[in-house]
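# Tertiary structure, described
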Amino acid sequence: MSTANSAQSLTRLHKQWWIAAASGGLVVVAIYFWLGQGTLPPGRASQWIVLAALFLAVELLILRRNLHKNRPALDAPLRATLGWGNALTLTRGVAYALMAGFLFAPRPGGLLDWLPALLYISAIIADYCDGYLARITHHTTLLGEILDIEFDGLGMLVAMALAVQYGQLPGFVLLLAASRPLFLWGMKLRARWGLPNHPMTPSDERRIAAGLLMGFMGIVLWPVFRPPATYIAGAVFCGAVALSFVRDWLVVIGWLNPASPVYIRWRTRLKSILFEYLPLILRLASLPVAAWLLWNITRQPVSGQPSAVIPFLLGLGLLAGIAASLGLITRLAAIGLVGLACADLIARGDSPEALALLAVGVLLVALGNGRAALWTPDERLLRRRAGVRAANNGAAR
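One structure accompanies this document, and this report is about it. (Residues numbered from 1 in each chain as written. Predicted model: local features only at pLDDT ≥ 70, side-chain atom pairs only at ≥ 80, totals over all residues. Heavy atoms only, no water.)

Relative to the helices and strands, Thr-230 is located in helix H9 (residues 229-252). Judged by relative accessible area, Thr-230 falls into the buried class, the value being 4%. For Thr-230, the residues in contact, after removing those within four places along its chain, are Gln-168, Leu-169, Phe-216, Val-220 and Phe-225. (Helix = DSSP H or I, 4+ residues; strand = E, 2+ residues; numbered from the N terminus. Buried < 20%, exposed > 50% of the residue type's maximum accessible area, 1.4 Å probe, protein only. Contact = heavy atoms within 4.5 Å.)

Before going further, it helps to examine the packing of H9 against helix H13 (residues 352-367). The geometry of H9 relative to H13 is characterised by a closest axis approach of 10 Å and an angle of 25 degrees between their N-to-C directions. Classified by the interaxial angle, the pair formed by H9 and H13 is roughly parallel. As for the relative orientation of H9 and H13, their crossing is right-handed in sense. Between H9 and H13, the residues in contact are Ala-229, Ile-232, Ala-233, Val-236 and Phe-237 and Leu-355, Leu-358, Ala-359, Val-362, Leu-363, Val-365 and Ala-366, respectively. (Axes fitted to C-alpha atoms, helices over the stretch in contact; angles between N-to-C directions. Parallel < 35°, antiparallel > 145°, perpendicular 65-115°, else oblique. Left-handed = near helix turned anticlockwise from the far one by under 90°.)

Moving on to the pattern of salt bridges. All told, the structure shown has eleven salt bridges when counted by the stated rule. Two residues, Asp-130 and Arg-92, come together in a salt bridge whose shortest N-O distance is 2.9 Å. Here Asp-130 is found in helix H4 (residues 115-136), whereas its partner Arg-92 is found in helix H3 (residues 83-100), with 38 residues between them in sequence. Comparing Asp-130 with Arg-92 shows no difference in burial state: the two are buried. Asp-344 is the partner of Arg-348 in a salt bridge, and the nearest nitrogen-oxygen pair spans 2.5 Å. You can see Arg-348 and its partner Asp-344 sitting in helix H12 (residues 330-348), four residues apart, about one turn around the helix. Overall, Asp-344 belongs to the buried group, its relative accessible area being 4%. It is possible to trace a salt-bridge network through shared partners that takes in Arg-92, Asp-127, Asp-130, Asp-148 and Asp-152. (Salt bridge = Lys/Arg side-chain N within 4 Å of Asp/Glu carboxyl O.)

Our focus in this paragraph is the layout of surface pockets. Quantified by volume, the second largest pocket comes out at close to 970 Å³. As for the second largest pocket, its lining consists of 38 residues, of which Glu-205, Ala-240, Leu-243, Leu-274 and Phe-275 are closest to the centre. Among the secondary structure elements, those contributing two or more residues to the lining of the second largest pocket are helix H8 (204-220), H9, helix H10 (261-299), H13 and helix H14 (377-383). Per-element tally for the lining of the second largest pocket: the top contributor is H9, with twelve residues. (1 Å grid on protein atoms, 1.4 Å probe; cavity = no way out; pocket = protein on both sides within 12 Å on 5 of 7 lines; lining within 4 Å. Points joined across faces, edges and corners; volume = space filled by probe spheres on them.)

Turning our eyes to something else, we now look at the nonpolar core. Counting 93 residues, the largest nonpolar core has Met-99, Tyr-120, Leu-213, Met-217 and Leu-221 as the members making the most contacts within it. Once residues within four sequence positions are removed from consideration, Leu-221 is found in contact with Met-99, Arg-107, Pro-116, Ala-117, Tyr-120, Ala-159, Leu-162 and Ala-163. (Core = buried A, V, L, I, M, F, W, Y, C linked by side-chain atoms within 4.5 Å.)

Packing of helix H2 (residues 42-65) against helix H5 (residues 142-165) brings their axes to within 10 Å, and their N-to-C directions diverge by 160 degrees. For the element pair H2 / H5, the angle class is roughly antiparallel. Relative to H5, H2 is oriented so that their crossing is right-handed. Counted together, Phe-55, Val-58, Glu-59, Ile-62 and Leu-63 of H2 and Leu-143, Leu-147, Glu-150, Phe-151, Leu-154 and Val-158 of H5 form the full contact between these two elements.

With that out of the way, let us pick up empty space enclosed by the protein. Going through the model one piece at a time under the given rule, you end up with one cavity of 30 Å³ or more. Estimates place the volume of the largest cavity at around 50 Å³. What lines the largest cavity is simply Val-224, Phe-225, Arg-226, Pro-227, Pro-228, Ala-229, Cys-342, Leu-345, Ile-346 and Asp-350. The leading source of residues in the lining of the largest cavity is H12, at three residues.

A separate point is a nonpolar patch on the surface. A cluster of nonpolar side chains, namely Leu-318, Ile-322, Leu-326, Leu-328, Leu-374 and Trp-375, defines an oily patch on the protein surface of about 560 Å² accessible area. Checked against the element boundaries, Trp-375 lands in the loop between H13 and H14. (Patch = residues over 30% accessible without salt bridge, like charges linked within 9 Å, V, L, I, M, F, W, Y side chains within 5 Å. Areas by Shrake-Rupley, 256 points an atom, 1.4 Å probe, with all protein chains shown as cover.)

Moving on: unusual backbone geometry. Going from Pro-227 to Pro-228, the amide bond is cis rather than trans, its omega being 5 degrees. Tracing the backbone shows Pro-228 in the loop between H8 and H9. Positive phi, close to 55 degrees, is recorded for His-138, a residue that is not glycine. In this structure, His-138 sits in the loop between H4 and H5. Take His-138: its relative accessible area is 65%, and that puts it in the exposed class. Residues other than glycine seldom take positive phi values, yet Ile-329 does so here, at roughly 45 degrees. Tracing the chain through its elements places Ile-329 in the loop between helix H11 (309-326) and H12.

Compared with an ideal rise of 1.5 Å per residue, which puts 24 residues at 34 Å, H2 spans 35 Å between its outermost C-alpha atoms and is within 8% of the ideal. Along H2, the residues classified as buried are Arg-44, Ala-45, Trp-48, Leu-51, Ala-52, Phe-55, Leu-56, Glu-59, Leu-60, Ile-62 and Leu-63. (Expected span 1.5 Å × (residues − 1).)

Tracing the chain through its elements places Ala-117 in helix H4. Owing to a relative accessible area of 1%, Ala-117 belongs among the buried residues under this scheme. Ignoring sequence-local partners within four residues, the contact set of Ala-117 consists of Gly-218, Leu-221 and Trp-222.

Attention now moves to the environment of Val-94. As for its position among the elements, Val-94 is in helix H3. What makes Val-94 buried here is its relative accessible area of 15%. When the C-alpha atoms of Val-94 and Ser-23 are compared, they prove to be 9.3 Å apart, with 71 residues separating the residues in sequence.

Here it is in structure tokens:
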């Protein structure tokens, strides 16, 4: 009876796969016709639809090959519907496919320059919400976990490729986009050679670093930003994720033993320096650096700017600087400092004070509140998955 039910469920899932394929295909075709109406040259529009369709086909293939995992656990019954969470994940995949159409070509120009960034930011929001929908509708599945991980990797690959293509980041960051497939390939190769793959320890920092990197990629694609500001921010976020991969690989191959007293002692010291003392130093420096920038803005205002701009920047800078110094939602305050630095870089060009404030703000976004912070709700928000109670924070998607 259970075998018959599984066969019926799989048949229904195949029908839903065709619906997903048709829906995604219609979106791609509709955007193609819109782009072909003078928005892009005819040849460029044809290239766009080929790339977008190929990328969508890869995503649909991943879905098709894993339909039999649409169940909460390996020994659980197969569910006959994909659920709202997976539907939102597939929508996110369509957004990535639309982004992929812009690969291997210069920026399209005009308002279309913003489309890849807007698509990726929309996908980031969907990435936060799809797991939430799956949990509150009690439809968490192994399929959902697979789609979430695979689509995150594909989306990051496209975002990084576009950022490199547009000159926002150096080319070697593409190695980071390929790090997860290389990591898994390395584990399979070790298993084939008869070498053990040691288990990795759970880590909130790994998930937080990956989430912050996704947020950064959504911003770095904005056409108003340019090096060296994007290179500075990229070094922080991409470097953090790269170090995380290196640490995990050393654990997998057995060069690092997470249970070793020596490793635990040094890891505790390093975490204390990076996540307690360094953020405190950066927080104390944020207000003086912001004041330095604001002083130069008032001394050298941009000609032709509205009279209300300088008071607004002064208010934003002082408010964000004071909040960061006191540790009041430090990451949010740091985003304000980054926004101030970016606005100045766009308006007045590169300057030591703007780049210094950008570096301070980006590091605070990545490292968090640190010691002696007065109010840190952002830490709880980052470490807790939406729709999961505190006791179950590690539950599957």
